[in-house]
Amino acid sequence: MQATAHPTAALEWSSALSVGDDRMDHTHAEFVEQLNRLLGTPADQQLPLYQAFLAHTVAHFAQEERWMLATGFAPDNCHAAHHATILDTMRAVETHHRQGDLDIITRLAEALAEWFPQHAASMDAGLALHLQSVGFDSHTETLADPGRVRPASMSGCGSVSCG
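What you are looking at is a predicted structure, and each value in this text was computed from that prediction instead of being measured.

This next bit is on the nonpolar core. Among the nonpolar cores identified, the biggest contains 38 residues, and Leu 35, Tyr 50, Phe 53, Met 90, Leu 112 and Phe 116 are the most heavily contacted of them. Elements represented by at least two residues in this core include exactly helix H1 (22-39), helix H2 (47-70), helix H3 (78-98) and helix H4 (104-133). The dominant element in this core, judged by the number of residues it contributes, is H4, at 13 residues. Excluding residues that lie within four positions of it along the chain, Tyr 50 makes contacts with Leu 38, Met 90, Val 93, Glu 94, Ile 105 and Leu 108.

Below you can see the structure in the form of structure tokens.
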């Protein structure tokens, strides 16, 4: 029996998901688009799309973490730790799928569709505000005034507490 997709679980990109940084918003819109593509694909055909989605998510999180480090976050900040947890889960899902659990990608995609809006509204919005406050240009990945940033001074998530 062929597994079916779950199109009702799709996440719609809207201005409510915008964090106010054009480059971050563009990356997030791509994330949502790839997530929805997964949700609209039968489970037995998802693996190649999932692998592309995982690669995109690795690059997406690495981009944000580069920006965090460039603007004063400690390397072991909670936002980056949150990313690491998501990526560990995503890698485990691929392993389980290869072992025959064909519905696991859909289950994770549904969970990510629930998780992402809160992550964007809290950690990513906080990061976007922080980037703006220190004059960081996410397109050029440069600071207008590097003197405004103290290296490794932040262990939180921007404007939100991780506690």
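That covers the picture; the talk isn't over yet.
Below, the discussion takes up H1. Here H1 spans 26 Å end to end across 18 residues, near enough to the 26 Å set by a 1.5 Å rise per residue. All buried positions along H1 are accounted for by Met 24, Asp 25, Thr 27, His 28, Phe 31, Val 32, Gln 34, Leu 35, Leu 38 and Leu 39. Elements that come into contact with the buried residues of H1 comprise H2 and H4.

To continue, consider the confidence of the model for the protein chain. Taken over all residues, the pLDDT of the protein chain has a mean of 89, while the share at 70 or more is 87%. Counting interchain partners and residues more than four positions distant, the pLDDT-below-50 stretch residues 1-8 has 15 contacts.

Another aspect to go through is the pattern of salt bridges. Under the definition given, this model contains 5 salt bridges. Here Glu 141 and Arg 66 are joined by a salt bridge, their closest N and O atoms 2.7 Å apart. With Glu 141 in the loop between strand E1 (136-137) and strand E2 (142-143) and Arg 66 in helix H2, the pair connects residues that are 75 residues apart, well separated along the chain. Glu 141 sits in the partly exposed class, given a relative accessible area of 25%. For Arg 107, the salt bridge identified is with Asp 101, shortest N-O distance 2.7 Å. Taking relative accessible area as the criterion, Arg 107 reaches 43% and is therefore assigned partly exposed. With a relative accessible area of 26%, Asp 101 lands in the partly exposed category.

About the criteria used
Residue positions are given per chain, counted from 1 along the sequence in the order it is written. For a predicted model such as this one, the threshold for reporting local features is a pLDDT of at least 70, and the threshold for listing and counting side-chain atom pairs is 80 or more; totals across whole chains, interfaces and linings nevertheless cover every residue. Calculation of side-chain values draws on the structure's entire complement of heavy atoms; hydrogens and water are dropped beforehand. What makes a nonpolar core is a set of buried Ala, Val, Leu, Ile, Met, Phe, Trp, Tyr and Cys residues whose side-chain atoms join them at distances within 4.5 Å. Classification of residues uses two cut-offs on accessible area relative to the type maximum, computed with a 1.4 Å probe and protein chains only: under 20% is buried, over 50% is exposed, and between them is partly exposed. In this text, helices come from DSSP runs of H or I with a minimum length of four residues, and strands from runs of E with a minimum of two, each type numbered from the N-terminal end. Here a residue-residue contact requires only that any non-hydrogen atoms of the pair lie within 4.5 Å. By this rule, a helix spans an expected 1.5 Å times one less than how many residues it contains. pLDDT expresses, on a scale from 0 to 100, how confident the predictor is about each individual residue. We define a salt bridge as a contact between a side-chain nitrogen of Lys or Arg and a carboxyl oxygen of Asp or Glu at a distance within 4 Å.

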